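# Per-entry structural report
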Amino acid sequence: MLWSITEHHRARGVFELWKSLPETARRAFAAEFSSGGASNAEPCGPSDYSRQCELRSGHLEAVGVRSEAVAPTLCKSRGGSLEVRYEVNCWVLSHKGRFPAYAFCEKRGGGISMYDSLNGSLQNPLLMRMPPSVLDEFPSTPGKVKMERSNYFGRVGSRWHSSVSAKLLCLTSILLLLTISAFFWVSSAGIDSQRPPTFQRSHEWEKRVRQSCLPRREDNPLVVLVTGAAGFVGSHVSLALRKRGDGVVGLDNFNSYYEVSLKRARQELLAKHSVFVIDGDINDKFIIESILEAVPITHVMHLAAQAGVRYAMQNPQSYIHSNIAGLVNIFEVCKAANPQPAIVWASSSSVYGLNTKVPFSEADRTDQPASLYAATKKAGEGIAHTYNHIYGLSITGLRFFTVYGPWGRPDMAYFSFTRDILKGNPISVYSGAGGKDLARDFTFIDDIVKGCVASLDTAEKSTGSGGKKTGPAMLRVFNLGNTSPVTVPTLVDILEKHLNTKAKRQIIKMPRNGDVPFTHANISSAQAQLGYRPTTNLDTGLKKFVKWYLSYYGDNTNRRLWVGNHEKII
Ligand SMILES: O=C(O)[C@H]1O[C@H](OP(=O)(O)OP(=O)(O)OC[C@H]2O[C@@H](n3ccc(=O)[nH]c3=O)[C@H](O)[C@@H]2O)[C@H](O)[C@@H](O)[C@H]1O
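Residues numbered from 1 in each chain as written. Predicted model: local features only at pLDDT ≥ 70, side-chain atom pairs only at ≥ 80, totals over all residues. Heavy atoms only, no water.

For the protein, an unreviewed UniProt entry supplies the name UDP-glucuronate 4-epimerase and the organism Physcomitrium patens. Note on the protein: under the UniProt heading Sequence similarities (unreviewed entry), the record states "Belongs to the NAD(P)-dependent epimerase/dehydratase family." In UniProt, the protein has this text filed under Subcellular location (unreviewed entry): "Golgi apparatus, Golgi stack membrane". (UniProt positions renumbered as here; feature names shortened; annotations may be inferred.)

### Overview of the site of the ligand
The environment of the ligand is made up of 22 residues, and the closest members are Arg-310, Ser-348, Ser-349, Ser-428 and Arg-440. Within the side chain of Ser-348, one N or O atom sits 2.3 Å away from an oxygen atom of the ligand. In the environment of the ligand, an oxygen atom lies 2.8 Å from a nitrogen or oxygen atom belonging to the backbone of Ala-413. In isolation the ligand exposes 690 Å². Once the protein is present, 92% of that is buried. Those elements that provide at least two residues to the shell around the ligand are α15 (413-423) and β13 (426-431). (Near = heavy atom within 4 Å. Polar contact = N/O pair within 3.5 Å; in protein donor to acceptor, adjacent residues only side chain to side chain. Areas by Shrake-Rupley, 256 points an atom, 1.4 Å probe, with all protein chains shown as cover. Helix = DSSP H or I, 4+ residues; strand = E, 2+ residues; numbered from the N terminus.)

### So, the pattern of salt bridges
All told, the structure shown has 20 salt bridges when counted by the stated rule. We note a salt bridge from Glu-381 to Arg-399, for which the minimum N-O separation is 2.6 Å. Within this pair, whereas Glu-381 is found in helix α14 (residues 372-391), its partner Arg-399 is found in strand β11 (residues 395-400), the two being separated by 18 residues in sequence. One network of salt bridges, with partners in common, ties together Arg-217, Asp-219, Arg-244, Asp-246 and Asp-457. (Salt bridge = Lys/Arg side-chain N within 4 Å of Asp/Glu carboxyl O.)

### Considerations on the packing of aromatic side chains
Evaluated as defined, the whole model comprises 28 aromatic pairs. With a centroid separation of 6.4 Å and an interplanar angle of 35°, the aromatic rings of Phe-360 and Phe-401 are classed as tilted. You can see Phe-360 sitting in the loop between β10 (342-348) and α14 and its partner Phe-401 sitting in the loop between β11 and β12 (403-404), a full 41 residues away along the chain. No difference in accessibility class separates Phe-360 from Phe-401, as the two residues are buried. Here the aromatic rings of Tyr-404 and Tyr-414 are separated by 5.9 Å at their centres, their planes lie at 75°, and the arrangement is edge-to-face. One end of the pair, Tyr-404, is in strand β12; the other, Tyr-414, is in helix α15, and ten residues separate them in sequence. Like Tyr-404, the residue Tyr-414 is buried in the burial classification. (Phe/Tyr/Trp six-rings, centres within 6.5 Å; stacked < 30°, edge-to-face > 60°. Buried < 20%, exposed > 50% of the residue type's maximum accessible area, 1.4 Å probe, protein only.)

### Considering the packing of helix α11 (residues 260-272) against helix α19 (residues 538-553)
How two helices pack is summed up by the angle between their axes together with the distance between the axes. Between α11 and α19, the least distance of the axes is 13 Å, while the angle of their chain directions is 100°. Relative to α19, the element α11 lies roughly perpendicular. Residues Ser-261, Leu-262 and Ala-265 of α11 lie in contact with α19, whose contacting residues are Trp-548, Tyr-552 and Tyr-553. Class assignment for the residues of the contact of α11 with α19 results in five nonpolar, one polar and no charged. (Axes fitted to C-alpha atoms, helices over the stretch in contact; angles between N-to-C directions. Parallel < 35°, antiparallel > 145°, perpendicular 65-115°, else oblique. Contact = heavy atoms within 4.5 Å. Nonpolar A, V, L, I, M, F, W, Y, C, P; charged D, E, K, R; others polar.)

### Some details on helix α12 (residues 285-294)
All of the buried residues along α12 are Ile-287, Ile-288, Ser-290, Ile-291, Leu-292 and Ala-294. Capping the start of α12 is the job of one residue whose side-chain oxygen sits 3.0 Å from the backbone nitrogen of Phe-286: Asp-284.

### Quick look at the packing of α15 against α19
At a minimum axis distance of 11 Å, the contact between α15 and α19 shows a crossing angle of 60°. Between α15 and α19, the angle falls in the class oblique. Handedness of the crossing formed by α15 with α19: right-handed. In this structure, α15 uses Tyr-414, Phe-415, Thr-418, Arg-419 and Leu-422 to contact α19, whose residues at the interface are Leu-542, Phe-545, Trp-548, Tyr-549, Leu-550 and Tyr-553. Residue composition of the contact of α15 with α19, grouped by class: nine nonpolar, one polar and one charged. (Left-handed = near helix turned anticlockwise from the far one by under 90°.)

### Description of the pairing of strand β9 (residues 299-302)
A two-sided burial pattern is seen for β9, the buried positions comprising His-299 and Met-301 on one face and Val-300 and His-302 on the other. Alignment of β9 against β10, held across four bridges, turns out to be parallel. Note that in β10 the partner of His-299 across the bridge is Ala-342. As a crossover connection, the stretch from β9 through helix α13 (residues 316-336) into β10 is right-handed. (Pairing = 2+ DSSP bridges. Right-handed = clockwise from strand over helix to strand, strands pointing away.)

In structure tokens:
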């Protein structure tokens, strides 16, 4: 079966393309999607929506196109041939709501490939087989950009095409598109191919960034870029800074590690407090540079990361992408900025790994990571040292100890236990060697926020200029914990009390998946230098969490959660 993609389709997006396919083609197309790895038995992540919807219901529920519809994003010479990508910003509507997505087509070799992605990477190549005649419509030689042939439109034959004015409009758009493509091709050396095609730096965008960064206090306000701003800690920190009058702009890639709708809800909350959260990945140099050019960012609160200790065994690459490559990207842009911002970033208690000396102190060894997550955080600390040493960046690393609270992360034990207890599902409580209970220094989000804000407030300026160090710069690392570890069975006891429901506990031996038996923070350094004093015990903190959980989810036990690319129905 061959399908054709027309300029009309490109202009109107995936929906038009999809609608125009005959039913048999849609089915075959869907079958081809599913041959990419998913099966009916295995739910796909949100980045596979079209595939997933098709698999679930037998038809694609809806795919729509945003107003901007189509724009050439990249025109690059690769191995002597010109590649043109046509970007289609679209949204996908499913039973879970409306989600932004994008698709783009590009010519590669002998065919047109169509990709969809929510994460800025080409995760799901969806091959569109093309009739040879259609391939002629795509430019293939550097410098030779062909126009659409008018008889091609005639071949497709639709009401839209028959309108002369529409044709003129279309041809003008194509000319414009090709001109911009040629411009991008000429200047391709400066183009970062990682840039998600959804990002467009416009006057309107800059205005929103500036407004978001406008401080509302006069006594030395900070102007902070918060990465991972739609995440758990990021949203709380952004809100706290904004509430006290600092300028804040957020960045988040809204990936599907857990339910995207929760991240969107946090984004909405921030928008209500005039914080703009930009959709973008920390690996995208262009976006971060654009933010730093648009406003004089004084501090970067870098909280975007691939979290979760156990998920590293399922998706190791995502840890490298976010916690290593993304971190380096942040440092690279900051080091080149003038003036350089000071950076505070999230390390983790997991760097203490299999240490047995307690409580964990910053001076202790951190060379026995038990998980890839821990290893990437430890690597991050080494990378921070390098950028401080060579470029004079002021950097503070914060080792968070199992942060919990309202608006938390659904992948964490206290959150998933709550969900399962309410649903009447059994929960797995891990036990350590010799049946010993596992314990964590659970730390309430409000205490963590105070530690983050105090770190920003006490961070000295970076000393580099024009990418060169001019003097020694501050380099710090702090434990932010609660200093009173609690066992996991006790955590469950407290949840049972606040939920007024007995848990169905299944005690199982801790799987060998990256977990450590206990954590316990020594916080004397943070106390002395940041004035950090945690004040919320686990009982009080979980009470607040349960209150939030019930107000957010109610008793709707059919809500769907996304955890680690898998949907769980609660
Ligand atoms: O401080 C950190 O640096 C990390 O903290 C957090 O990791 P952890 O301390 O492992 O939290 P979390 O998953 O809530 O498990 C809590 C306890 O429940 C046990 N646990 C877990 C799941 C389960 O099904 N059963 C169970 O007993 C489990 O064995 C453990 O003993 C962050 O997720 C991580 O991103 C990182 O920030």
